[in-house]
Amino acid sequence: EVARKFPSISEDATISPVNRYGFPEAAPGTHLNEQRGPYVFVLATVIKVHFEEDARYYTVRRADTGMEQRADTAWMERIQSARGIAAAERAAKQTRRAASERTRTRITINGSNDGNCWTRTTQRIMGMIHQLCAAFANTIVMYYRSLRSYIKVQATDFLYGNSPYAFKIRLTGVNV
């Protein structure tokens, strides 16, 4: 498990970022260094390690949104303790969407629903639309990455004159 700096990008992003030890500001750890900020990290799991050009980077999956993103080594901190990982997982579940759903549920249960809440059907439809858009975006990213790697291989073959490409330079001179 790795904590990583991420900008807040959607309703699914956490509203409770953690420090390098995995503890949010609202529920700091027991040790003094576990209580220090900055609180700018989000829990993420390393999916794949990439070795490209002169640097190593990772593909990570955010715990709050489930999105896969690129992560550079300089922006990552490993969480050492199991308590820190558990605290970071709880913090990742605290999102704007989860908070608004809890508020809607409370309003409906208390019977004071004033018409501002969506019906369950509308929520399901919006959820399906959101999932379709996310799947479409992930598909585009997947095709972009595969096309990019294919073009890089072809460009390298072309520049080095590998098969099926070939470079021939002939210099001729005439003696007079």
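Residues numbered from 1 in each chain as written. Predicted model: local features only at pLDDT ≥ 70, side-chain atom pairs only at ≥ 80, totals over all residues. Heavy atoms only, no water.

Visitor: Could you give an account of the nonpolar core, naming the residues involved and the relevant values?
Guide: In summary, soluble globular proteins display a tendency toward joint burial of nonpolar side chains. Residues Val-18, Phe-41, Leu-43, Ile-79, Ala-88 and Ala-91 constitute the largest nonpolar core, which totals six residues. At the level of secondary structure, the elements contributing two or more residues to this core comprise β2 (41-52) and α1 (82-92). Ala-91 has contacts with Thr-14, Ser-16, Val-18 and Pro-24, leaving out every residue within four places of it along the chain. In terms of nonpolar packing, the next biggest core, distinct from the first, is built from five residues, Ala-44, Tyr-58, Val-60 and Met-76 among them. (Core = buried A, V, L, I, M, F, W, Y, C linked by side-chain atoms within 4.5 Å. Buried < 20%, exposed > 50% of the residue type's maximum accessible area, 1.4 Å probe, protein only. Helix = DSSP H or I, 4+ residues; strand = E, 2+ residues; numbered from the N terminus. Contact = heavy atoms within 4.5 Å.)

Visitor: Before we move on, could you go through the confidence of the model for the protein and cite the residues and values that matter?
Guide: Considering every residue of the protein, the mean pLDDT works out to 76; 78% of them sit at 70 or more. At the low end of the mean pLDDT range in the protein sits strand β1 (residues 2-5), at 50; at the high end sits helix α3 (residues 120-160), at 87. Across residues 107-116, where pLDDT falls below 50, the model places four contacts with residues more than four positions away in sequence or in other chains. (pLDDT = per-residue confidence, 0-100.)

Visitor: I'd love a proper account of the pairing of strand β4 (residues 68-72), names of residues and values included.
Guide: Side chains of β4 alternate between two faces, with Gln-69 and Ala-71 buried and Glu-68, Arg-70 and Asp-72 left unburied. A loop of five residues connects strand β3 (residues 55-62) with β4, the two strands running antiparallel in sequence, and Gly-66 in this loop sits at a positive phi of about 80°. (Pairing = 2+ DSSP bridges.)

Visitor: I'd like a description of the pairing of β2, backed by residues and values.
Guide: As judged from the eight bridges shared by β2 and β3, these two strands associate in the antiparallel manner. Bridge pairing in β3 links Val-49 to Tyr-58. Here β2 folds back onto β3, and the loop between the two strands holds two residues, one of which, Glu-53, carries a positive phi near 55°.

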